[in-house]
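Close look at the chain arrangement
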Amino acid sequence: MEILTPVFTLLILAVVFGALLGYAAKAFRVEGNPIVDEINALLPQTQCGQCGHPGCRPYAESIAAGGPINKCPPGGESTIAALANLLDVEPEPLDAEHGVEDVRKVAYIREDECIGCTKCIQACPVDAILGSAKHMHTVITSECTGCDLCVEPCPVDCIDMIPEKNPLQNWHWQRPDPRLQNVQLIVTDQMRKAS
Amino acid sequence: MSMLNSSPHGHQGHSTGQVMQQVMLACVPGLTALTWFFGWGTVINIIWLALLALGIEALILHLRGRPIAFYLRDYSALVTAVLLGLALPPTAPWWLGLIGITFAIGIAKHLYGGMGYNPFNPAMVGYVVLLISFPLQMTRWVLPVGATDALPGFGESLVMFFGAEPFAGIDAYTGATALDSFRQQRGGMLVSEFWSVTDVMGRWSGLGWEWVNTGFLLGGLYLLYKKIIGWRIPVGMLAAIAILSAVFYDGGSSASGGSPLMHLFGGATMLGAFFIATDPVTASTTPKGRLIYGAMIGIIVYVIRIWGNYADGVAFAVLLGNFSAPLIDAYTQPRTYGHRK
Amino acid sequence: MSIQASHSFYPLPGGIHPSENKAQSLQGPIRQAELPARLIIPLTQPGFAQAHVQVQPGDKVYKGQLLASGNPVTGLNAHASTSGTVVEITEHAVPNMSGLPELCAVIASDGQDEWQKLPPLDPAETDVDTLITRIHDCGISGLGGAGFPSHTKLRGALSKVHTLVINAAECEPFITADHALMREHADEIIKGIWLLLQITGAGKCLIGIEDNKPDARDAMLKAIEDAFDDRLSLVEVPTKYPSGAEKQLIWLLTGTEVPSGKITIQSGIMCQNVGTARAIARAVLHGEALVSRITTFTGAALEHPCNMEVLIGTPVAELLAQCDLDESRLSRVISGGPLMGFHLPHADLPIVKITNCIIATTESELPTPAPQQACIRCGFCTDVCPVNLLPQQLFWFSRSKELEKAEQHNIMDCIECGACAYVCPSHIPLVQYYRATKAELREAKEKELKAEYSKKRFDFHQQRMEEQKRQDEQRRAERAALAKKRKQEAAAGGEQAGGEQAGGEQKEAKDAIKAALERVNAKKAARAAKASQQEQNDTEPGS
């Protein structure tokens, strides 16, 4: 008979916790797939397709499905770090296959060469190019994401990607270089030895 | 090599090495008292541990491919050696120090990344490893001058150091420390009664110990004066011990835990408060956090002394404090200028 | 009645007491620098925006003539600092942190130093707007260090400021430019302060001065006494670095903490340097553009350290020579103070508006930084931080690039004063770590905003494309239905009816074109009207 006590105890516990779990699953149910949105929010939204996906959201979906997080050159190191932090994985170096991190650029149309074909306008994912057929086009710099997608379609090759800021605006302090530090140390060490 | 150097371009001129030198200098009064009352054993310990510490540090730096001379000049290994040497009993044989310092520097310090990266106080890790592994050797203290006529001479200390066991004379010199006999041998006596029957108690704390602690207190005040250490950790720790012992003093009844003076000047209190708990690498770093950290160590020290299994608890208390330092820091961020009060 | 310095102040947390090294450059009065043969005048705009250059190589210019301007709101005018000929407009190295060249006008002096001044203004009869415009025209920027355009700051402060704080603290070692200025030109500073009070409408002015310059204090007290103005008061604060930092001085004098991320004006307080006050007085009362400043030349490598009134654009090397530089002892040249200044790669660089001090130092005076050791968390940095940060924690986060944690620990509130690195026994270049991290955080913020905006644009684009597709589909469906109907009608007989309908459609299309053209014409007319109105508005204030 004594065997029944633990059996019942466990049974009751199982029922109680099962009910709790069932309730929690209903009460705290999360609609949709928020992780894709969260990942998408971390991507730079250039829609450039350098990752091999047709835009940022498809790349976010691929990451959510377990794909690599290091395929976004415009986002660069900071985006990888943010993604790694969100997904709780180790950050990896940027996959050079998809391009390298660079200063942010914007498209610039050499206007006297533009023939007004509207091909770039159609290519622009954020409607940042202004113009109409047979009239010169121009880029609204503040809207341009620097995605590069308008360069390819231009039949007269009159679109340049130029840095958004000049070198002075881009300059900032870098952390002290630890390698330099070590070299310095070893040199001072040897100097002391020699003297 | 043209390298952009950010401001500032001036420097106060203090270096980590100088900080460590000051710490070692401040140990001198305490060490003098230890030697006066307990013989040459501690001095021999310190010399031996210092040699070992430098050797082990150099060896590991070499293995890790780091510049040796540069890192040896920060004197952190020497400080670890001195602190562990001060904590070891004067009767410690050579192998005890070897094991302790190997753990302290090899494992507690370098396995965690070396100077600045160790989460636990290396000297205390070494001490606790020895205390748990070799309880007999670690609790065998020399009787202080006054309790015995025969303090071991330098030669006899050397014989003990070389561990010629069984050394016939050793038992003549050794006995329990004051704190140890207070908890073990008091039976149901009143504090004053115990004071009169034993010869290991002095004026207000353990015989000899009260002066050793006074020595470390002086050294600690010197460090405070030189601004090498802050006041918060020592004050937190000493205040916690003083308050707790006052609360449980009970007028010296048979259930008493001993007077505040006995606890403040007994065992490793002052050494711990000014030299060990203040090790900045492993302590809390926020101003408020340091007070809490010190107080926490003080509370644990008292708890271990009165209700724990060991006569003194500074080493354990400091390690437990080290454990909680990051948590304390996280909850005691100071208010930055311009942020809401 | 004699006016006394007030000693009531709110103590500053943290801070350091580096050796002052101020006496060397204060032995004599302010010297007048020799007129250089060639001047390199930076045309740099705030934020390194593009400058509108107003002169061409070969042009003859007068002292005080405009060389370049910028954006009317935030721009900073640059003027020729002596008369002569513009030789070239080119990129030239200037004293800046990056060491990158900036656009400069090189002027060959004609030796005449001939002024072209603006007409003096009488403050009693001039409105605030004209005063600010004059300050803009004279190219005045903050002379304390940051170099922010004064007219921009003043316009932002209009009727928002109750207290004017005048920074006479000069807390950095070596620098004595403000000290010397106060000794000799206290009256002009007071005149500048009056103008600032008139412009901002502030009810009182607190002048904060450190207690290590009693002679400057006395000169200022005398000037205040002569001014008979009870809005002015002088507060003497203890000598401690960095009491002269803007927000720190405001705390010292008023006990007000400017909230994090806000500017002082949002707390009703404006801070101006004594040198700026004097420059404003010269601009308004004498019509002089900012073409010279007082700069300290000091350091152990100079035989005769001093303060000199120098023309903007004078090469540093020439000025060092005038102070008898001992090349053999020189180790480094620093622009600014030892705690916040920056290292000059060579001395062929011009004096710029923010150059308050040039230190030609020796290895024994300011030694090369020792190699960095590991942080032992000693907390010395925490004790000296004037904004109550935890510098050692920020260092760990900065080094491991944990931007988010660094931000949570308020790294953006760091004022880069360098007190932490000054006391660090492990010689860690903490400020450099913080500067890099702050820049990265700023970039990340910018990137985030841009991404958010781009996403909105992209979503809108997607929506538009879908809408268009849907409309195309719908139209195709309608056309198909129409064609079907017509076919049915044709089948029912009566081809004529079909033709008529097609004619009607054409007519409809023509009407649509006509309507569109009319719309365009109407818009053009409206725009033209607006433009002419604008022109009138533009010309009005100038005329």
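Residues numbered from 1 in each chain as written. Chains lettered and ligands numbered in written order. Predicted model: local features only at pLDDT ≥ 70, side-chain atom pairs only at ≥ 80, totals over all residues.

Concerning the overall build of chain B
Tallying secondary structure elements over chain B gives 18 helices and two strands in all. Computed over the C-alpha atoms, the radius of gyration of chain B is 21 Å, within 12% of the 20 Å expected from 2.2 N^0.38 for a compact globule of 341 residues. Along the first, second and third principal axes, the C-alpha set of chain B runs to 75 × 55 × 30 Å. In chain B, which comprises 341 residues, the share counted as buried stands at 55%. Counting contacts in chain B only where the partners sit at least 6 residues apart, residues at least 24 apart contribute 75% of the total. (Helix = DSSP H or I, 4+ residues; strand = E, 2+ residues; numbered from the N terminus. Rg over C-alpha atoms; globule rule 2.2 N^0.38 Å. Buried ≥ 20, exposed ≤ 12 C-beta atoms within 10 Å, placed from the backbone. Contact = placed C-beta atoms within 7 Å.)

Remarks on the pairing of strand S13 (residues 292–298) of chain C
It is a general feature of regular strands that their side chains alternate between the two faces of the sheet. All names here are of chain C. S13 sits mainly inside the fold: seven of its seven residues count as buried. Of the two faces of S13, both are covered, the one formed by Ser292, Ile294, Thr296 and Thr298 as well as the one formed by Arg293, Thr295 and Phe297. Two elements, S13 and strand S14 (residues 306–311), share six bridges in a ladder whose sense is antiparallel. Paired with Ile294 across the two strands is Glu309, which belongs to S14. (Pairing = 2+ DSSP bridges.)

So, the domain arrangement of chain C
Residue and element names in this part refer to chain C. Looking at chain C, the domain boundaries give domain 1 (23–311) and domain 2 (372–471). Using only C-alpha atoms to locate each centre, domain 1 and domain 2 end up separated by 31 Å. Of the residues lining the interface, five residues belong to domain 1; the matching set on domain 2 comes to five residues. Each residue belonging to the side of domain 1 that touches domain 2 can be placed in one class, and the counts come to three nonpolar, two polar and no charged. (Domains from an automatic or database assignment. Nonpolar A, V, L, I, M, F, W, Y, C, P; charged D, E, K, R; others polar.)

Quick word on the interface of chain C and chain B
The interface of chain C with chain B comprises 45 residues on the first partner and 31 residues on the second. When the residues that make up the side of chain C that touches chain B are grouped by side-chain class, the tally is 25 nonpolar, 15 polar and five charged.

What about the sheet that holds strand S9 (residues 163–168) of chain C?
Residues and elements named next belong to chain C. Strand order in the open sheet formed by four strands is S11-S10-S9-S12, with parallel pairing between adjacent strands. Every interior strand has two partners, whereas the edge strands, strand S11 (232–237) and strand S12 (269–273), have only one. Strand after strand, the sheet turns through a mean of 25° between neighbouring axes, direction not considered. Across six bridges, S9 lies against strand S10 (residues 204–210) in parallel orientation. When the bridges of S10 are listed, Thr163 appears paired with Lys204. Running at roughly 165° to S11, helix H4 (residues 214–227) makes contact with S9, S10 and S11 of the sheet. Across the sheet, helix H6 (residues 274–286) touches S9 and S12, and the angle it forms with S12 is around 80°. (Axes fitted to C-alpha atoms, helices over the stretch in contact; angles between N-to-C directions.)

Quick notes on the packing of helix H14 (residues 232–247) of chain B against helix H17 (residues 287–307) of chain B
Residue and element names in this part refer to chain B. One way to put it is that H14 packs onto H17 with a least axis distance of 7 Å and a crossing angle of 35°. Relative to H17, the crossing made by H14 is right-handed. From H14, Arg232, Ile233, Pro234, Val235, Gly236, Met237, Leu238, Ala239, Ala240, Ile241, Leu244 and Ser245 reach across to H17, where they touch Pro287, Arg290, Leu291, Ile292, Tyr293, Gly294, Ala295, Ile297, Gly298, Ile299, Val301 and Tyr302. For the contact of H14 with H17, the residue count by class is 18 nonpolar, four polar and two charged. (Left-handed = near helix turned anticlockwise from the far one by under 90°.)

Here's the deal with the pairing of S12(C)
Residue and element names in this part refer to chain C. Most of S12 is tucked away: five of the five residues are buried. Side chains Ile269, Cys271 and Asn273 project from S12 onto one buried face, and the interleaved Met270 and Gln272 project onto a second face that is buried too. Pairing between S9 and S12: five bridges, direction parallel. Residue pairing in the sheet places Asn167 in a bridge with Asn273 of S12.

Overview of the interface of chain C and chain A
Listed by partner, the interface residues are 23 residues for chain C and 25 residues for chain A. Breaking the side of chain C that touches chain A down by element, the ones donating at least two residues are helix H9 (391–399) and helix H12 (430–492) of chain C. Sort the elements by how many residues they give to the side of chain C that touches chain A and H12(C) lands first, with 13 residues. Partitioned by chemical class, the residues of the side of chain C that touches chain A number 10 nonpolar, seven polar and six charged.

A look at the nonpolar core
Counting residues in each nonpolar core, the largest one holds 247 residues, and the members touching the most others are Ile41(C) and Met220(C). If you tally residues by element for this core, the top one is helix H3 (residues 177–200) of chain C, at 12 residues. When residues no more than four places from it in sequence are discounted, the contact partners of Met220(C) are Ala168(C), Met182(C), Ala186(C), Ile207(C), Ile209(C) and Leu234(C). In this structure, Cys120(A), Cys147(A), Ile159(A) and Phe458(C) belong to the second largest nonpolar core, which totals 17 residues. (Core = buried A, V, L, I, M, F, W, Y, C linked by C-beta atoms within 7 Å.)

With respect to the sheet that holds strand S6 (residues 78–79) of chain C
Hydrogen bonding along the main chain pairs the strands of a sheet, whether they run parallel or antiparallel. Residue and element names in this part refer to chain C. Strands sit in the order S3-S5-S6 across an open sheet of three strands; the sheet is antiparallel. Whereas interior strands pair on both sides, the edge strands pair on one side only; in this sheet they are strand S3 (52–53) and S6. As paired strands, strand S5 (residues 66–69) and S6 are joined by two bridges and run antiparallel to one another. By the bridge assignment for S6, Leu66 is matched with His79.

Considerations on the environment of Gly85(B)
Residues and elements named next belong to chain B. Inspection of the secondary structure puts Gly85 in helix H5 (residues 76–87). In this structure, the C-alpha to C-alpha distance between Gly85 and Ile47, residues 38 residues apart in sequence, is 8.3 Å. For Gly85, the contacting residues outside a window of four places in its chain are Thr42, Asn45, Ile46 and Leu49.

Regarding the packing of helix H1 (residues 16–26) of chain B against H5(B)
Each pair of packed helices can be described by the angle between their axes along with the distance between the axes. Residues and elements named next belong to chain B. Relative to each other, H1 and H5 sit at 20°, their axes nearing to 9 Å. Relative to H5, the element H1 lies roughly parallel. Here H1 runs over H5; the crossing is left-handed. On H5, the residues touching Met20, Val23 and Met24 of H1 are Ser76, Leu78, Val79 and Val82. (Parallel < 35°, antiparallel > 145°, perpendicular 65-115°, else oblique.)

Here we look at the confidence of the model for chain C
Mean pLDDT over chain C works out to 89, with 94% of the residues at or above the 70 mark. Contacts from residues 539–543 of chain C, a stretch scored under 50 in pLDDT, to residues over four places away or in other chains number zero contacts. (pLDDT = per-residue confidence, 0-100.)

Focus: the domain arrangement of chain B
Residues and elements named next belong to chain B. Splitting chain B by domain gives domain 1 (15–175) and domain 2 (180–330). Taken together, the 31 residues of domain 1 in the interface contact 28 residues of domain 2. Broken down by secondary-structure element, the contributors of at least two residues to the side of domain 1 that touches domain 2 are H1, helix H2 (28–38), H5 and helix H7 (122–133). Per element, the largest residue contribution to the side of domain 1 that touches domain 2 is eight residues, and it comes from H2.

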